[in-house]
Amino acid sequence: MTRWYEGPLAAFDTETTGVDVEQDRIVSAAVVVQECAGGRVRSTRWLVNPGIPVPAGATEIHGLTDDHLQRLGRWPAPVMEEIARTLGEQAAAGRPVVVMNAPFDLTLLDRELRRHRASSLARYLDNRPLTVLDPRVLDKHLDRYRKGRRTLTDLCAHYGITLDGAHDAAADAVASMEVVRAVGRRFAGRLERLSPAELHTLQAVWHAAQARGLQAWFARNGSEEAVDPHWPVRPELTTAA
């Protein structure tokens, strides 16, 4: 029997105007699908004209300028619907979706759908469960005492994954998927008997515990920064843009 981390997986990633899920916008996105480890990767990409200026700091990260997005990007409303429907297709197929730092990308998509489609990600999933695998949550739980940062670049280096073209949505999605496969192999004794659906439920618990730990660390260091414990999508705020 094929272990889940060797079987079909999809992955989703975005590039954005910033890091505020309530205010910032998606400028590019990708969903990649691979039916088995080492198999051909199918990629669907989107480029978006967000309708707001792209800060210079964001452009420095992903290389997407206002001029480029205005010339080649599509309007957000149809793009957000296409992305949501593509994720809904993964849910309908029972294919787990890898999302690095899921509360960021999935929450931002949800807010874009509310902003441009007067809808939500949950509505597009149509009551079909989206099984999410978050390499950051998995790695942090399974190797919790390892020192150092856990960005996608860091995880790729730790697990020996080649990341070509970092901060390109499709490249990051493929790398995230490969990290999850590597995590599965390294911790097979702890993971192979769990289904992706069971792991989805466990990750919500693990992320909440990780958030509480980070919140306590902030408090000890005099920071008032709040850490949201919700995973994989944060609840809507009444003050959202």
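Now for a look at the structure at hand.

What counts and how
Residues numbered from 1 in each chain as written. Predicted model: local features only at pLDDT ≥ 70, side-chain atom pairs only at ≥ 80, totals over all residues. Heavy atoms only, no water. Helix = DSSP H or I, 4+ residues; strand = E, 2+ residues; numbered from the N terminus. Expected span 1.5 Å × (residues − 1). Buried < 20%, exposed > 50% of the residue type's maximum accessible area, 1.4 Å probe, protein only. Contact = heavy atoms within 4.5 Å. Axes fitted to C-alpha atoms, helices over the stretch in contact; angles between N-to-C directions. Parallel < 35°, antiparallel > 145°, perpendicular 65-115°, else oblique. Left-handed = near helix turned anticlockwise from the far one by under 90°. Nonpolar A, V, L, I, M, F, W, Y, C, P; charged D, E, K, R; others polar. Phe/Tyr/Trp six-rings, centres within 6.5 Å; stacked < 30°, edge-to-face > 60°. Salt bridge = Lys/Arg side-chain N within 4 Å of Asp/Glu carboxyl O.

A separate point is helix α3 (residues 76-93). Taking 1.5 Å per residue as the helical rise, α3 with its 18 residues ought to reach 26 Å, and the 26 Å between its terminal C-alpha atoms agrees with that figure. P76, V79, M80, E81, I83, A84, T86, L87, G88, Q90 and A91 are the residues of α3 that are buried. Along its buried surface, α3 packs onto β1 (9-16), β2 (26-34), β3 (41-47), β4 (97-98), α4 (102-117) and α5 (121-125). Phi for G94, located one or two positions after α3, is positive at around 70°.

Two elements in contact, helix α6 (residues 135-142) and helix α8 (residues 169-186), have axes whose closest approach is 10 Å; the angle formed by their N-to-C orientations is 30°. Between α6 and α8, the angle falls in the class roughly parallel. Considering how the two elements wind past one another, α6 and α8 form a crossing that is left-handed. Residues P135, L138 and L142 of α6 form the contact with α8, whose participating residues are S176, V179, V180 and V183. Class assignment of the residues belonging to the contact of α6 with α8 gives a composition of six nonpolar, one polar and no charged.

Turning our eyes to something else, we now look at the packing of aromatic side chains. Scanning all chains against the criterion turns up two aromatic pairs. A centroid spacing of 5.3 Å and a plane angle of 85° characterise the contact between W4 and Y5, whose relative ring orientation is edge-to-face. Here the two residues W4 and Y5 agree in accessibility, since each one is buried.

A few words now on the environment of V48. With respect to the helices and strands, V48 occurs in the loop between β3 and α1 (56-62). The exposure class assigned to V48 is buried, which follows from its relative accessible area of 0%. Separated by 23 residues in sequence, V48 and R25 have C-alpha atoms that sit 9.1 Å apart. With sequence-adjacent residues up to four places away left out, V48 is seen in contact with I26, V27, L69, G73, R74, P76, V79 and M80.

Trans is the common state for peptide bonds, and a negative phi is the common state for residues other than glycine. Here the amide bond leading from W231 into P232 is cis, since omega sits at 5°, within 30 degrees of zero. Even without being glycine, N101 reaches a positive phi, approximately 55°. Positive phi, normally seen in glycine, also occurs at A118, with a value near 50°. With respect to the element layout, A118 can be found in the loop between α4 and α5.

A few words on the packing of α6 against helix α10 (residues 196-220). Between α6 and α10, the least distance of the axes is 10 Å, while the angle of their chain directions is 70°. For the element pair α6 / α10, the angle class is roughly perpendicular. Like other packed secondary-structure pairs, α6 and α10 cross with a definite hand, here left-handed. Together, V137, L138, K140 and H141 of α6 and L199, Q203, W206, H207 and Q210 of α10 make up the contact between the two elements. Counted by class, the contact of α6 with α10 contains four nonpolar, four polar and one charged residues.

The next subject is the pattern of salt bridges. If the charged atoms of two oppositely charged side chains come close together, the side chains can form a pair. Throughout the structure, instances matching the rule amount to 18 salt bridges. Here R111 and E22 are joined by a salt bridge, their closest N and O atoms 3.0 Å apart. Note that R111 is positioned in helix α4 and E22 in the loop between β1 and β2, a separation of 89 residues in sequence. Linking R114 and D110 is a salt bridge whose minimum nitrogen-to-oxygen distance equals 2.6 Å. Of this pair, R114 and D110 both sit in helix α4, separated by four residues, roughly a single helical turn. Relative accessible area serves as the criterion here: at 32%, R114 is assigned to the partly exposed category.

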